[in-house]
Each structure stands twice: as C-alpha cells, then as structure tokens.
There are 2 protein chains.
Amino acid sequence: MHKTSTINDVARLAGVSKRTVSRVINGSLSVGDGTRERVEKIISELNYSPNTQARGLASSRSYLLGLIYDNPDALYLDDVQRGVLEVCSQLGYELVVHPCRYRSETLVQDCFNFINRSKLDGVIVLPPVSELDHLASALKEAGRPYVRLTSVLLDETRHSVVSDDRAAAAEMARYFAQLGHSDIAFISGPQRYKSSTERMEGFKLGLSAYGIELKPERIIEGNNTYETGIECARQLLTQQPLPSAIFANNDQMAAGVLKAAHDLGIAIPRQLSVAGFDDNLLASRVIPALTTIRRPVRQMAQLAASKIIMDIEHNSKAANNVAAKVAPTLVVRESTARFAEPAA
Amino acid sequence: MHKTSTINDVARLAGVSKRTVSRVINGSLSVGDGTRERVEKIISELNYSPNTQARGLASSRSYLLGLIYDNPDALYLDDVQRGVLEVCSQLGYELVVHPCRYRSETLVQDCFNFINRSKLDGVIVLPPVSELDHLASALKEAGRPYVRLTSVLLDETRHSVVSDDRAAAAEMARYFAQLGHSDIAFISGPQRYKSSTERMEGFKLGLSAYGIELKPERIIEGNNTYETGIECARQLLTQQPLPSAIFANNDQMAAGVLKAAHDLGIAIPRQLSVAGFDDNLLASRVIPALTTIRRPVRQMAQLAASKIIMDIEHNSKAANNVAAKVAPTLVVRESTARFAEPAA
DNA sequence: TTGTATGCGTTATCAG
DNA sequence: CTGATAACGCATACAA
C-alpha cells in the first residue's frame, strides 16, 4: 500500500537496464535465463506491477475492454458481464461498461468517443446494437477489435458469437406440435430486430414441418417488455376461439401472458400452454415456472471475450479459432402441457 | 476517425503554446477571452479530445471509477450501474466493474490490485462488501476516494450513502399490525450482514410498538436466495398453527414463499400475507404481485457517484454536502391483506 | 496572461 | 542478449 514501485526500481535493484525489465515483463524470448530469474525475483519482492497508463501511452494499449449495449434485460446483462469478466480478469483486462442509445443519430460517434477517450483495446457489442451494420463497419474500418453477440451470423466469424435462435424456435415448434397443439399463437418482438424475425421464422418453419400454419391473426407484435406481453396476451385471449398455446419472443413477455391469463381466469397449463425464450432468472421464478429456450449467454460472453483478446494479442486469425456458435436448448417446465379439448 | 489529433496540433493551429491549450482544456481562468475562443474553435474543428492515458500519467488521474461488489442480485446491480453511469458519464468518467469475493482472505489485496492497475480515481462499494470495515480502512489509509452503499451508517458521511432499512422494516411492521396480523413470521437474511440485522431489528421494534412480539420460533434464517426462501417457508408453513403473515428479508425469498405456499395449497393473500424487501423487478412480476419495500437504489447510486466525484475534484469537504441518506418506502401490492380468522 | 522546460512510467529504435 | 535514448501526450513548476 506504500508508494508503488516503478520499472526503474526494479532495474536498479536487479542491476539491469529498464529495457531488460521491460523484456521480462512482456515475455520476450531474448533474455538470458539468469537475468530473467533475477528480474522476476525483484519484481515479486517489490510486488511491482506495470503502470497501465504509461504502458498505454507508449504502446497504445489500455488493457481495457468495452461493453456496448442499449437497455437490455438486467438479467441478460448480468450474465454477460459475468461471462466476460471470468475470461478477461484472468488475462489482465478490465471491463468498462457503456450504455448507449440504439436509435440515436450519433450512436457511432458516441461509441467512438467512448472508445477513443479510454483507448479501449476492443469492444463487445450486445444486441440489439450488435445488429447495426454501420456501427460494425465503422469499427472494422477503424481497425478496432470488436465482437458482436447476435442471433444470426451477420459478420465474419472472428467478429461474431451467435446463438442459433432460428433452430431453437423451431425446436419449440416441434415440442408444441408433439404435444398436440395446432392452434398456436405467437407474440413476436419488434420486427426491426433480427433476433425477432429469426425466432419467428424458425417457429413458422418448425410448425410447417408438422403441417401447422401460424395464422396471421395469431401473430401479435410486442416490445419484449412485461407490459406489452400482458397487452398482447389480452388481445389474444379475448378472441374466440382461444389458441391452445402461446409462444412469446422472450420470457418477460411470457410472464406477461401468465399475468393476463391469470386475470382472465384461464388456467395454465390446463387451458393454455405458454412458453418463453431466454431462460432468464424470471422464467424459473414465476408460477407456473416457464417452459422456455435457454440461451447460453454466459458462455457466449466468455467466447466473445476470448475471441477479442485473441484478436488483440495474436491478430485476427487466432480469433477465428474460437467457437462462434452456440446452441440454445429447450427447457421444459410447468407452463406447457399436452393439448386437451376444451371442456364444453 | 482518422488519426486522432493531439494538444500539439491544437497549439500549432491556434498559434499558442500547449501550455495555453492545456489551460483552456482545464478551464483555467487566467486565459484571455480572445485566446480562449480561438483555441476552443480549433479544438472543436479538430474534434480534439485529450488523451486520457497521457493525462493520467502526468497528473495521476484516470477518469475511471470502479464498482466493487460480490454477487449481488442482478437487478440490483443493474440499477446501481444505471444510476452511477447517469452521473459519471455526464462528468467525463467511465465505470469499470469488478466482482470480488466477500469471504476471500485476499479481498483487500485483490481490490487494491484492481485499483492500482487501472489507477482508479475512486471506487463505489456495494453491500455486502461495503460492510467490511477493514476494506474501508485500507481505502481510507491509502487516501483513495471511496463511497460505501450500506443499510446503516458505518462511516463518515462523505464516504456513505445509506438507506434506512431499519425504519423501513418498522414501517412494514406497522402495516402488518394495522392489517390485524399478530402471529407474524420473519425470514431473515444471513446474520453476518448488517442489512439483515437492521431489517430484523427494525421489524421487531415496529411490531413491539403495537404490543406484538416476534417469537423466536417464527424467525428463520435464509440466504437471500429464492431457493432458501422456499425452504424456510416450507418449515414455517408446516407448523401448526400457521402464521398469518410472513415478512421476508428480500424479494427473492418472498418469491420463494409464494412458491412454497402455492405448492402447499395455501392461498395468498387470503390465508397468508407475504411481503418482501427491495422492490426489484421480480416483485411486480410474480403472481400475486409482492407488497414490498422500495429501495431507491438508482438514486443511491447517483448520490454515490456525485459524492465520489466531488471528493475527487473538490476534495472531501464538498462530498459531505451530497445527501447521504435516502428513505425506502412501502409499496402495497396484492400479496398482503387484512387478517381473517381461518375458516374452521 | 502566456510560454519554457521537465517529468510521469513504459515501450520502441537502434546500436553494440 | 543487453543498454542508452528517444518518443508517447499531457500537466505543472517556474519564468517572463
């Protein structure tokens, strides 16, 4: 806790030049074994660690990673942060968080100010901001390492970690079909988001494999929030006949469906099956617990962090070797059941 | 996005020395109006912004704030981050997040490594880590600006933002009493946390004002998690007679109570009133929605950020002028009702 | 009010 | 394999 020591102290005590100490720190191969050991001994005795700012000034690196996002689900964000941190703190990087506004005219400018101000070594971009191609182009052009978390491949694999939402939604469709449901409704997310269209397409495709059609009047667009989940469900559940199952674009909205059904006296899953997407904390807490799709968010975040650090330290080829795809999986809980003819 | 310009470029183009540019940047008063304008014009033309690393090297400041925490509720963390960012991004600071382990032997060392490595200008510490006096002492001794978010005043006001959990719990007690409940149970948090003991004490005190005693067999200690909420509730709800109300130390556990009651066929709020603490997102999403105590977390975070930046920029006296106390409030929803004699 | 010179702790250039 | 020495971009004591 006393005055922190510098490379000069190390050099003096080890009886070498600072250049040599620098070599040791950075793992240069061209240092004699004896010299290296001596320097390392002093380093640990002094509990010395290099000054990041000075290092950055000289080498234009900051050991800082940025996380760019716009107002995601708190639980999703938390998962991402954990995943990223698990990797980056191991490797000596810190994480700087940066909310921004998806719709802002100055989004790109804002992000670059953020990046330049703090001299970020790289950034991880979360959906839906990650779907913005002009941001990605700007990042690429600026030569700034970046990775996008998305629901469908939108970029080179060294810049992508994607969950196959389409396939996952198709799996949900198959599950519904096998339960005997045929009159199924879907509460979609905003159509401007790729994640929304992917899930909808996947669901339709999955259904059609069983000869089931997702009728246009059974599709309502929500906003991925609990509140719009309630609204959409209310619309769906005041029509006659009632659908026997509802698939919502995410868990928040599915929770809203539960609420609306409860208010309308509709029993779940007896009269209505409900499923969500994400498997965030909420999904397992509500009653009945939600059947949903689990996205391995934490793992995606870890991959993103690994990828970006590979890119930073070994240049982009290495980044390609980190997996870029993860598979979401179906989690069956209590909110879905076999189709039963409504009691007269 | 082209090569970023430096203070030298500005100086050259404005026809002044870099010392003068530096003065303008830092808002020194002793600069001629004409000179200042000229410099500012060039600055905006060049879209120049000072290199934080160089700045830090020269003045030992980083414009980085740290957030230290151990595994808090995701929703709580999200609220905090938002609050802090609202303030600090206005004032030119970035936020670096840093999870750590409350019980770790090397906690203090870890935190200092984090702080020193990134040359953080200050740190905000979240509960329960914020309750660790030895960490605070070390921070103080090192002269590093810091602010603790706590449930009871543990430090000088310039280092504290506290929510009066005791008073809030007492208010909940009053509310229960006025609903006619007298056989009340409490699921506490871990007793090693001050927040837990404060809430329990407050609740007891509030009850005793109405001549109601919180019987020892009606107190069970949980772990602030959903799962332990279920377990504790199960113990409470398999005793005879049943308590008519349960107050849980937080919303997660209260949600667990809802689940346990549901499984046991106990109707809420008709047969049992349930309340939580925090008012996190979950509270309003479960069915029935939870009566709870709302902690103004976001506001606390804003205050903490303001306080710490005051400390950094104007030295500790100013930090004292930022409010250090906030009052949680009772939020009545659907999970509580007037006491009704159990039907024979 | 303005400018000069020096230092902050590293990395990088170029010799040896 | 190792060592002087010059950047890196900015702030600040000290002059003018």
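These numbers come from a predicted model, not from an experiment.

### As for the protein's contact with DNA strand C
Taken together, 25 residues lie near DNA strand C, and Ile7(A), Ser22(A), Thr20(B), Gly32(B) and Thr35(B) sit nearest. The sugar-phosphate portion of DNA strand C accounts for 56% of its atoms within 4 Å of the protein, the bases making up the rest. A distance of 3.2 Å is found between a phosphate oxygen of DNA strand C and a side-chain nitrogen or oxygen belonging to Asn26(A). For DNA strand C, a base oxygen lies 3.4 Å from a polar atom in the backbone of Ala58(B). Sorting elements by how many residues they give to the surface near DNA strand C places helix 4 (residues 52–59) of chain A first, with 4 residues. Looking at the surface near DNA strand C residue by residue, the classes come out as 9 nonpolar, 11 polar and 5 charged.

### Regarding the domain arrangement of chain A
The domain architecture assigned to chain A consists of domain 1 (1–43), domain 2 (59–164 + 297–326) and domain 3 (165–295). Centre-to-centre, using C-alpha coordinates, domain 1 of chain A lies 61 Å away from domain 3 of chain A.

### Points about the UniProt feature "domain: HTH lacI-type" (unreviewed entry) in chain A
When the UniProt feature table is mapped to this numbering, "domain: HTH lacI-type" (unreviewed entry) covers residues 5–59 of chain A. Between the C-alpha atoms that bound residues 5–59 of chain A the distance is 20 Å, and the span itself is 69% helix and 0% strand.

### Let's talk about the sheet that holds strand 7 (residues 219–221) of chain B
Residues and elements named next belong to chain B. Judged by pairing direction, the sheet is parallel, and its 4 strands sit side by side in the order 7-6-8-9 without closing on themselves. This sheet does not close on itself; its edge strands, each paired only once, are strand 7 and strand 9 (273–275). Each strand axis lies, on average, 15° off the axis of its neighbour in the sheet, ignoring direction. The pairing of strand 8 (residues 245–248) with strand 9 spans 3 bridges and is classified as parallel. Within strand 9, the position partnered with Phe247 by the bridge is Ala275.

### Quick look at the side chain of Arg218(A)
All names here are of chain A. Secondary-structure assignment places Arg218 in the loop between helix 9 (194–208) and strand 7 (219–221). On the accessibility criterion, Arg218 (5% relative accessible area) is buried. Among the polar contacts listed, one links the side chain of Arg218 to the side chain of Gln239, at a separation of 2.6 Å. For Arg218, the residues in contact, after removing those within four places along its chain, are Asp183, Ile184, Ala185, Phe186, Leu236, Gln239, Pro241, Leu242 and Pro243.

### Section: the packing of aromatic side chains
Taken as a whole, this structure holds 17 aromatic pairs over all chains when the rule is applied. Ring geometry for Tyr63(B) versus Tyr93(B): centroids 5.3 Å apart, planes at 45°, classification tilted. Placement of Tyr63(B) in the loop between helix 4 (52–59) and strand 1 (64–69) and of Tyr93(B) in the loop between helix 5 (74–88) and strand 2 (94–99) is noted, with a sequence separation of 30 residues between them. One exposure class covers both Tyr63(B) and Tyr93(B), and it is buried. Aromatic rings pair up to connect Tyr175(A), Phe176(A), Phe186(A), Phe203(A), Phe247(A) and Phe277(A) into one cluster. The ring of Tyr63(B) carries the charged tip of Arg61(B) above its face, separated from the ring centre by 4.5 Å. Against the face of Phe277(B) rests Arg199(B), its NZ or CZ located 3.8 Å from the ring centre.

Reading guide: rules and limits
- Counting starts from 1 at the beginning of each chain's written sequence and moves along it residue by residue.
- Numbering of ligands from 1 and lettering of chains from A proceed in the order in which they are written.
- The predicted origin of the model limits local features to residues at a pLDDT of at least 70 and limits the giving and counting of side-chain atom pairs to 80 or more, whereas totals for whole chains, interfaces and linings rest on all residues.
- As a rule here, side-chain values cover all heavy atoms of the structure and leave hydrogens and water aside.
- When we say a residue is near a molecule or strand, we mean one of its heavy atoms is within 4 Å of it.
- Pairing of N or O atoms within 3.5 Å defines a polar contact, subject to two protein rules: one partner must be a possible hydrogen donor and the other a possible acceptor, and residues neighboring in sequence count only if both atoms are side-chain atoms.
- Here a helix means four or more residues in a row that DSSP labels H or I, a strand means two or more in a row labelled E, and each is numbered from the N terminus.
- Asp, Glu, Lys and Arg are counted as charged, while Ala, Val, Leu, Ile, Met, Phe, Trp, Tyr, Cys and Pro are counted as nonpolar; the rest, among them Gly, fall into the polar class.
- Where each domain starts and ends follows an automatic or database-derived domain assignment.
- UniProt positions are given in the numbering used here, feature names are shortened, and annotations may be inferred rather than shown by experiment.
- In this scheme, strands are said to pair when DSSP sees at least two bridges between them.
- To obtain each axis, a line is fitted to C-alpha atoms, and for helices this fit is confined to the stretch in contact; angles are then taken between N-to-C directions over 0 to 180 degrees.
- For the exposure calls, accessible area comes from a 1.4 Å probe over protein chains only, and a residue counts as buried if that area is under 20% of its type's maximum, exposed if over 50%, partly exposed in between.
- A contact between two residues is defined here by any heavy atoms of the two lying within 4.5 Å.
- Stacked, tilted and edge-to-face are the three classes applied to pairs of Phe, Tyr and Trp rings, where Trp contributes its six-membered ring and a pair requires centres within 6.5 Å; stacked means planes under 30 degrees apart, edge-to-face means over 60, and tilted covers the rest.
- Definition used: whenever NZ (Lys) or CZ (Arg) falls within 6 Å of the ring centre and also within 35 degrees of the ring normal, the charge is taken to sit over that ring.

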